[in-house]
Amino acid sequence: MVDDEPGIRSGVKRILSGHTVSFPFMDDDYSFEVREAATGEEALEMLEHSPADILLLDNKLPGINGMEVLEIIRQKKMDIMVAMITSYASLEVAARATDDGAWDFLPKPFTPAELKASIDLITKQLFLKRITTRMKEEGKKIRYQFLSVLSHELKSPLNALEGYLDLMKKR
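To keep things clear, this report deals only with the structure shown in the data block.

What counts, and at which threshold
Residues numbered from 1 in each chain as written. Predicted model: local features only at pLDDT ≥ 70, side-chain atom pairs only at ≥ 80, totals over all residues. Heavy atoms only, no water. Core = buried A, V, L, I, M, F, W, Y, C linked by side-chain atoms within 4.5 Å. Buried < 20%, exposed > 50% of the residue type's maximum accessible area, 1.4 Å probe, protein only. Helix = DSSP H or I, 4+ residues; strand = E, 2+ residues; numbered from the N terminus. Contact = heavy atoms within 4.5 Å. Arc of directions from axis to C-beta. Polar contact = N/O pair within 3.5 Å; in protein donor to acceptor, adjacent residues only side chain to side chain. Salt bridge = Lys/Arg side-chain N within 4 Å of Asp/Glu carboxyl O. Pairing = 2+ DSSP bridges. Axes fitted to C-alpha atoms, helices over the stretch in contact; angles between N-to-C directions. Parallel < 35°, antiparallel > 145°, perpendicular 65-115°, else oblique. Left-handed = near helix turned anticlockwise from the far one by under 90°. Nonpolar A, V, L, I, M, F, W, Y, C, P; charged D, E, K, R; others polar.

### Here's the deal with the nonpolar core
- By size, the foremost hydrophobic cluster in this structure holds 22 residues, and its most contacted members are Leu55, Leu57, Ile73, Val82 and Met84.
- Going through the elements one at a time, helix H2 (40-49), strand S3 (54-58), helix H3 (66-75), strand S4 (81-86), helix H4 (91-99) and strand S5 (102-107) are the ones with two or more residues in this core.
- Top contributing element to this core by residue count: H3, with four residues.
- Setting aside residues no more than four positions away along its own chain, Leu55 makes contact with Val2, Leu47, Ile73, Ile80, Met81, Val82 and Ala83.

### Focus on H4
- Three or more residues of H4 are buried, namely Val93, Ala94 and Ala97. The arc enclosing the buried residues of H4, seen along the axis, measures out at 100°, which places them on a common side. Exposed positions of H4 whose direction lies more than 90 degrees from the buried face are Leu91, Glu92 and Asp99.
- Against the buried residues of H4 lie H3, S4 and S5.
- Once H4 ends, the next one or two residues include Gly101, with phi positive near 115°.

### Things to note about H3
- Three or more residues of H3 are buried, namely Gly66, Met67, Val69, Leu70 and Ile73. Viewed end-on, H3 has its buried residues packed into an arc of 160°, placing them on one side of the element.
- For H3, the N-terminal cap is Asn65; the gap from its side-chain oxygen to the backbone nitrogen of Met67 is 3.0 Å.
- Lys77 sits one or two residues past H3 and shows a positive phi near 55°.

### Remarks on the environment of Val12
- By secondary structure assignment, the location of Val12 is in helix H1 (residues 6-16).
- Residues in contact with Val12, not counting those within four places in the same chain, are Met1, Leu56, Phe110 and Leu115.

### Quick look at the pattern of salt bridges
- Across all of its chains, the model carries eleven salt bridges by this definition.
- For the salt bridge of Glu48 with Lys76, the shortest nitrogen-to-oxygen distance reads 2.7 Å. Remark: Lys76 occurs in the loop between H3 and S4 and Glu48 occurs in helix H2; sequence separation between them is 28 residues.
- Among the ionic pairs, Asp53 bridges to Arg130, the shortest N-O distance being 2.6 Å. Remark: Arg130 occurs in helix H5 (residues 112-170) and Asp53 occurs in the loop between H2 and S3; sequence separation between them is 77 residues.
- Each member of the salt-bridge network shares a partner with another, and the members are Asp3, Glu5, Asp58 and Lys108.

### Digging into the sheet that holds S3
- Strand order in the open sheet formed by three strands is S3-S4-S5, with parallel pairing between adjacent strands. Since the sheet does not close on itself, it has two edges, and those belong to S3 and S5, each with one partner. Strand-to-strand twist across the sheet, computed as the mean angle between neighbouring axes with direction ignored, equals 25°.
- Judged from the five bridges that link them, S3 and S4 form a sheet pairing that is parallel.

### Topic: the side chain of Asp3
- Considering the arrangement of structural elements, one finds Asp3 in the segment before H1.
- Of the polar contacts made by the side chain of Asp3, one reaches the side chain of Lys108; its length is 2.7 Å.
- Aside from chain neighbours lying at most four places away, what touches Asp3 is Ile8, Arg9, Ala37, Ala38, Asp58, Leu61, Ile85 and Lys108.

### As for the packing of H2 against H3
- Running from N to C, H2 and H3 point in directions that differ by 25°, and their axes come no closer than 10 Å. Viewed along their axes, H2 and H3 adopt a mutual orientation that is roughly parallel. H3 is crossed by H2, and the crossing has right-handed handedness. The residues of H3 that touch H2, namely those facing Gly40, Leu44 and Leu47, are Val69, Ile72 and Ile73.
- For the contact of H2 with H3, the residue count by class is five nonpolar, one polar and no charged.

What follows is the structure, encoded as structure tokens:
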């Protein structure tokens, strides 16, 4: 949670403590550990040392703003689902944030139900993204194994054919 307002940070922490996300297709329930940062610089430092899955990011921050933080996250290819939160919500800011990689946009003030709904959707998206990545990796392994077995199995008949052809050439 990155916001320069301590009240917002503590409210989000209170709302999400004890909140779990579960869907029928998930093996486990997901719960949340909320870490706080008051500035963009502090958030980036925290993310470098201890990555996060979901980042709630205010746009108006002292120092570098939320859009700049989002740009740095995108440049560094950090695997984080970002939800922008701001009291200065506009269609332009929402479109830019989405273009820069934000998955959701939550205007302030938001209710606990709105925050939880956003977190639930982001968590589902994160779960599906990771399952898809795992399936791609497993698919590569399976294709490699298949090609290894295929090449091995093709070598045996080819070696026999080569031997017979060699015998025929010699006679």
